Amino acid sequence: MISPIIVALDLERDLALDLAKSLDPNNCRLKVGSQLFTSVGPRVIEELSALGFDVFLDLKFHDIPNTVAQSVKAASNLGVWMLNVHTSGGSTMIKAAKEATTGLVDPPLIIGVTMLTSLSKKDVNEIGIQDISNQALSLASLAKKNSLDGIVCSANDVRRIKELLGKDFITVTPGIRSSNSSKDDQSRVSSARNAIEKGADYLVIGRPITKSTNPMESLDSIIKEIS
Ligand code: C5P
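Computed from a predicted model, the values in this text were never measured in an experiment.

What counts and how
- Residues numbered from 1 in each chain as written.
- Predicted model: local features only at pLDDT ≥ 70, side-chain atom pairs only at ≥ 80, totals over all residues.
- Heavy atoms only, no water.
- Helix = DSSP H or I, 4+ residues; strand = E, 2+ residues; numbered from the N terminus.
- Buried < 20%, exposed > 50% of the residue type's maximum accessible area, 1.4 Å probe, protein only.
- Areas by Shrake-Rupley, 256 points an atom, 1.4 Å probe, with all protein chains shown as cover.
- Lys, Arg positive; Asp, Glu negative; His and termini not counted.
- Charge placed at Lys NZ, Arg CZ, Asp CG, Glu CD.
- Contact = heavy atoms within 4.5 Å.
- Near = heavy atom within 4 Å.
- Polar contact = N/O pair within 3.5 Å; in protein donor to acceptor, adjacent residues only side chain to side chain.
- Phe/Tyr/Trp six-rings, centres within 6.5 Å; stacked < 30°, edge-to-face > 60°.
- Pairing = 2+ DSSP bridges.
- Right-handed = clockwise from strand over helix to strand, strands pointing away.
- Salt bridge = Lys/Arg side-chain N within 4 Å of Asp/Glu carboxyl O.
- Arc of directions from axis to C-beta.

Colleague: For this particular structure, what's the right way to read the overall build of the protein chain?
Modeller: When you go through the protein chain residue by residue, the secondary structure sums to 11 helices and eight strands. Viewed in the frame of its principal axes, the protein chain has a C-alpha envelope of about 45 × 40 × 30 Å. A burial count over the protein chain gives 48% of its 227 residues as buried. Put simply, the protein chain shows about 10,700 Å² of open surface, and 50% of that area lies on carbon and sulfur atoms. For the protein chain, the distance from the average site of its 25 positive side-chain charges to the average site of its 26 negative ones is 5 Å.

Now the structure itself:
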């Protein structure tokens, strides 16, 4: 069985491809975000898929409903396994995203971003939000009500979200850090083990693997930590 780890390839093309070639598609999935996609384009999805990986296209669509629906269709045509939209785009936009995949033979999972794990209490207060966790929970409910497959959230929010929305509602958690490693620009972090214990379905992990001197060893040690 593939591990729940999704490695975030926030790298330039050659480094991303070299790293992918050193990893095993039976062990992890890969995430392509705005850095890699903007510099290489859809070709990188083909290249990673040809290596046998499930690809999560993390472009966090957030626009008017028609634009998001057309973007979701275009991303689905690339054969990605998972993609995401911002839940703060509202219910009409979320519904349009989901409906854009109706009738596809092998539709991607569509996941809603709730609150970015990099946001601090001060950051959210500045944009008029008082409580990060309550806001994440309310955006997760909106995602579920409009038929998304799951959400991206901090591991700290998983337990409450699963209790409210059911264990089958997928939770994808970035911000994974061990207690002795740098948080980088992330705020709401959790260890891999803690995230799994709280019920997270997938863990998105970037720099702790990609910036490690031995990425394969780092991935293996995280897999050991959670098994
Ligand atoms: O390097 P690090 O482990 O912090 O990478 C986390 C990845 O997850 C990044 O690619 C980032 O874009 C992504 N992400 C996130 N928070 C979200 C959604 C995606 O950190 N809410």
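Following the structure, the description resumes.
Colleague: Would you explain the side chain of Ser218 in this entry?
Modeller: When you line up the elements, Ser218 lands in helix α11 (residues 215-226). With residues up to four places along the chain from it excluded, the contact list for Ser218 reads Pro208, Ile209 and Ser212.

Colleague: I'm lost on the site of the ligand in this one. Help?
Modeller: Taken together, the neighbourhood of the ligand is formed by 17 residues, with Asp10, Lys31, Arg177, Gly206 and Arg207 sitting nearest. In the environment of the ligand, an oxygen atom lies 2.8 Å from a nitrogen or oxygen atom belonging to the backbone of Gly206. For the ligand, an oxygen atom lies 2.7 Å from a polar atom in the side chain of Arg207. Coverage of the ligand by the protein chains reaches 88% of its 470 Å² of free accessible surface.

Colleague: Help me understand the packing of aromatic side chains, please; the structure alone is not making it clear to me.
Modeller: Each aromatic ring pair is characterised by the separation of its centres together with the angle its planes make. On inspection of all chains with the given rule, the structure shows one aromatic pair. Each ring, one from Trp81 and one from Tyr202, has its centre 5.2 Å from the other, and the planes form 80°; the classification is edge-to-face. With Trp81 in the loop between α4 (65-77) and β4 (82-86) and Tyr202 in strand β8 (residues 202-205), this pair connects stretches of sequence that are 121 residues apart. Taken as a pair, Trp81 and Tyr202 share a single burial class, namely buried.

Colleague: Looking at this model, I keep getting lost on the pairing of strand β2 (residues 29-33). Mind explaining?
Modeller: Look at any regular strand and the pattern is simple: side chains alternate between the two faces of the sheet. Most of β2 is tucked away, with five of its five residues classed as buried. In this structure, strand β1 (residues 5-8) lies alongside β2, joined through three bridges in parallel fashion. Note that in β2 the partner of Val7 across the bridge is Leu30. Crossover handedness for the path β1 to helix α1 (residues 13-22) to β2: right-handed. Pairing geometry for β2 and strand β3 (residues 55-61), over four bridges, is parallel. Its bridge partner lying in β3, Leu30 is registered against Val55.

Colleague: Looking at this model, I keep getting lost on the pattern of salt bridges. Mind explaining?
Modeller: Counting across every chain of the model gives 14 salt bridges. Across the pair Asp58 and Lys60 runs a salt bridge, and its minimum N-O distance is 3.0 Å. On the basis of relative accessibility, which here comes to 8%, the residue Asp58 falls in the buried class. When the shortest N-O distance is used, the salt bridge between Asp185 and Arg207 registers 2.6 Å. Taken together, the residues Asp185 in the loop between β7 (170-173) and α9 (192-198) and Arg207 in helix α10 (residues 207-210) connect sequence positions 22 residues apart. Judged by relative accessible area, Arg207 falls into the partly exposed class, the value being 31%. One network of salt bridges, with partners in common, ties together Arg177, Asp184, Asp185 and Arg207.

Colleague: Just checking my understanding: could you explain unusual backbone geometry for this structure?
Modeller: Backbone geometry places Lys60, a non-glycine residue, at a positive phi of 45°. Here Lys60 is to be found in strand β3. Within the chain, Ser147 stands out as a residue other than glycine whose phi angle is a positive 70°. Position of Ser147 among the secondary structure elements: in the loop between α7 (132-145) and β6 (150-152). With a relative accessible area of 43%, Ser147 lands in the partly exposed category.

Colleague: In this structure, what is going on with helix α8 (residues 155-165)? I would like to understand it.
Modeller: Looking at α8, one finds that the buried residues are Ala155, Asp157, Val158, Ile161, Lys162 and Leu165. Buried residues of α8 fall within an arc of 135° about the axis and therefore sit on the same side. Turned more than 90 degrees away from the buried face of α8 sit Glu163 and Leu164, all of them exposed. Among the structural elements, α7, β6, β7 and α9 are those in contact with the buried residues of α8. The positive-phi residue at the C-terminal boundary of α8 is Gly166, with phi of around 100°.

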